[in-house]
Amino acid sequence: MRLDKLLFELGYGSRGSVKKILSARQVRVDEEIVTLGNTNVSPMIQDIYVQNKRVIYTKEAYYMLNKPIGVVTAVTDEKHQTVIDCIDGKDKKIGLYPVGRLDRDTKGLVFITNNGPLGFRMLHPKYHVSKRYEVVVNACLTQEDVIAFRNGITFLDGYTCQSASLTIIQASDTKSIALVDIHEGKFHQIKKMFLSVGKKVISLTRISFAELVLDSSLKEGEYRALTPNELQQLKKYLQ
Ligand code: URA
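Just so we're clear, the structure is a prediction, and the values are computed from it rather than from any experiment. (Residues numbered from 1 in each chain as written. Predicted model: local features only at pLDDT ≥ 70, side-chain atom pairs only at ≥ 80, totals over all residues. Heavy atoms only, no water.)

Asker: Give a detailed account of the overall build of the chain, specifying residues and quantitative values.
Answerer: The number of helices and strands found in the chain is 6 helices and 13 strands. Relative to the 2.2 N^0.38 estimate, which gives 18 Å for 239 residues, the radius of gyration of the chain is 23 Å and therefore markedly larger than a compact globule would have. Taken along its principal axes, the extent of the C-alpha atoms in the chain is 70 × 35 × 35 Å. A total of 239 residues make up the chain; the buried ones form 41% of that total. At a minimum sequence separation of 6, the contacts of the chain that also span at least 24 residues come to 64%. Accessible area of the chain: about 13400 Å², with a carbon and sulfur share of 52%. Each charge class in the chain was averaged separately, 34 positive and 26 negative side chains, and the resulting centres sit 3 Å apart. (Helix = DSSP H or I, 4+ residues; strand = E, 2+ residues; numbered from the N terminus. Rg over C-alpha atoms; globule rule 2.2 N^0.38 Å. Buried < 20%, exposed > 50% of the residue type's maximum accessible area, 1.4 Å probe, protein only. Contact = heavy atoms within 4.5 Å. Areas by Shrake-Rupley, 256 points an atom, 1.4 Å probe, with all protein chains shown as cover. Lys, Arg positive; Asp, Glu negative; His and termini not counted. Charge placed at Lys NZ, Arg CZ, Asp CG, Glu CD.)

This is how it looks when you write it as structure tokens:
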């Protein structure tokens with residue numbers, strides 16, 4: 001890749017600042033001082049130094065995607081667009097995969113990374129990672145439902161869910177809106193929880209996953225890299 005692009009991506013300032021660092025002869029590639037930004041470098045093979053400090057180039061990527069309905073939470077799929085297809089070519093680092101999954105008809109936050117150990121740990125039951133969903137159902141939610149969610153819903157197959165918090169935002173005979181917080185991730189969990197209290201989910205949006213909260217400026221299908229602050233908050237899963 002181009003040296004100026006690499007330094008820019010690594011946070012050595014604006015393109016102008018990178019140019020200045022180069023002209024000031026402060027960049028070395030292996031044993032050679034390089035002043036031209038368009039010099040091609042292979043950061044995984046060559047040693048690159050800025051002001052005598054070795055540049056560490058990682059190919060790690062961490063994105064939050066606002067998944068639209070219709071897109072599958074998979075790396076590849078023969079029939080449907082996948083969450084990885086939503087990532088632009090320039091950001092498509094090797095090994096990207098979605099951490100956890102949303103149904104095809106669910107929208108909202110999907111965390112995508114190529115850091116396998118991090119994703120694995122975030123899904124490990126030990127961490128009880130929390131997930132918040134905004135749910136629209138076809139009936140009137142009641143305080144009895146709130147209590148049933150708190151006590152742990154039992155599915156028809158006998159599985160009893162962990163205690164979950166249900167916060168009713170709006171309720172009428174034909175439609176209710178609520179927030180649900182869960183700490184586990186069974187197949188179709190939210191839909192099955194509502195079916196167990198006799199209600200059908202008509203719209204489901206994940207608005208948070210672990211420490212990550214869906215960025216409201218992301219339109220459906222858009223994604224962005226996690227901020228340093230968001231990354232910092234995920235560090236605990238690596239300890
Ligand atoms: N629960 C569901 O039923 N579907 C999802 O996509 C996520 C949680």
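And the narrative resumes.
Asker: Please set out the pairing of strand E11 (residues 201-209) residue by residue, giving values where relevant.
Answerer: As defined by bridge partners, strand E7 (residues 107-113) adjoins E11 across 2 bridges and the pair is classed as parallel. In the sheet register, Lys107 faces E11, and the bridge partner there is Thr205. In terms of strand pairing, strand E8 (residues 131-137) meets E11 through 7 bridges, oriented antiparallel. Considered in E11, the bridge of Tyr133 is made with Arg206. Across 2 bridges, the pairing between E11 and strand E12 (residues 212-213) is antiparallel. Residue Phe209 lies in a different strand from E12, and its bridge partner there is Leu212. Following E11, the chain reverses through 2 residues before pairing antiparallel with E12; Ala210 in that reversal takes a positive phi of roughly 55°. (Pairing = 2+ DSSP bridges.)

Asker: Let's hear about the nonpolar core: which residues, and what values?
Answerer: Counting residues in each nonpolar core, the largest one holds 33 residues, and the members touching the most others are Ile112, Val135, Phe149, Val180, Ile190, Met193 and Phe194. With residues up to four places along the chain from it excluded, the contact list for Val135 reads Ser176, Ile177, Ala178, Val180, Ile190, Phe194, Val201, Ser203 and Leu204. Grouped together as the second largest cluster of nonpolar side chains are 16 residues, Ala210, Leu212, Leu214 and Leu226 included. (Core = buried A, V, L, I, M, F, W, Y, C linked by side-chain atoms within 4.5 Å.)

Asker: Quick one: what's the story with helix H2 (residues 15-23), residue by residue and with numbers?
Answerer: All of the buried residues in H2 are Val18, Ile21 and Leu22. Each buried residue of H2 lies within a common arc of 100° when the element is viewed along its axis, so the set occupies one face. Every exposed residue of H2 that faces more than 90 degrees away from the buried side is listed here: Lys19, Lys20 and Ser23. Each element contacted by the buried residues of H2 is listed here: helix H1 (3-9), strand E1 (27-29) and strand E3 (48-50). Count one or two residues on from H2 and you reach Arg25, which has phi positive near 60°. (Arc of directions from axis to C-beta.)

Asker: Residues and numbers for the site of the ligand, please.
Answerer: Near the ligand, the surroundings consist of Leu102, Asp103, Thr106, Tyr133, His188, Gln189, Ile190, Lys191 and Leu204. A distance of 2.7 Å is found between an oxygen atom of the ligand and a backbone nitrogen or oxygen belonging to Asp103. Taking Lys191, its main chain carries an N or O atom lying 3.1 Å from an oxygen atom of the ligand. Computed on the free molecule, the ligand has an accessible area of 240 Å², of which 96% lies beneath the protein chains in the complex. Here the shell around the ligand gets 3 residues from one element, more than from any other, and that element is helix H5 (residues 189-196). In terms of residue class, the shell around the ligand is built from 4 nonpolar, 3 polar and 2 charged. (Near = heavy atom within 4 Å. Polar contact = N/O pair within 3.5 Å; in protein donor to acceptor, adjacent residues only side chain to side chain. Nonpolar A, V, L, I, M, F, W, Y, C, P; charged D, E, K, R; others polar.)

Asker: Any chance you could break down the side chain of Gln189 for me, citing the residues and the numbers?
Answerer: Mapped onto the secondary structure, Gln189 falls in helix H5. Given the relative accessible area of 4%, Gln189 is considered buried. From its side chain, Gln189 meets the backbone nitrogen of Lys186 in a polar contact 2.8 Å long. Excluding anything up to four places from it in sequence, Gln189 contacts Phe155, Cys161, Ile182 and Glu184.

Asker: Could you give an account of unusual backbone geometry, naming the residues involved and the relevant values?
Answerer: In the Ramachandran plot, Asp30 falls in the positive-phi region, its phi being about 55° despite a non-glycine side chain. Tracing the sequence through the fold places Asp30 in the loop between E1 and strand E2 (32-33). For Asn52, which is not a glycine, the phi torsion comes out positive at approximately 65°. Relative to the helices and strands, Asn52 is located in the loop between E3 and strand E4 (53-54). Residue Asn52 is classed as exposed on the basis of its relative accessible area, which comes to 64%.

Structural measurements only, silent on function.
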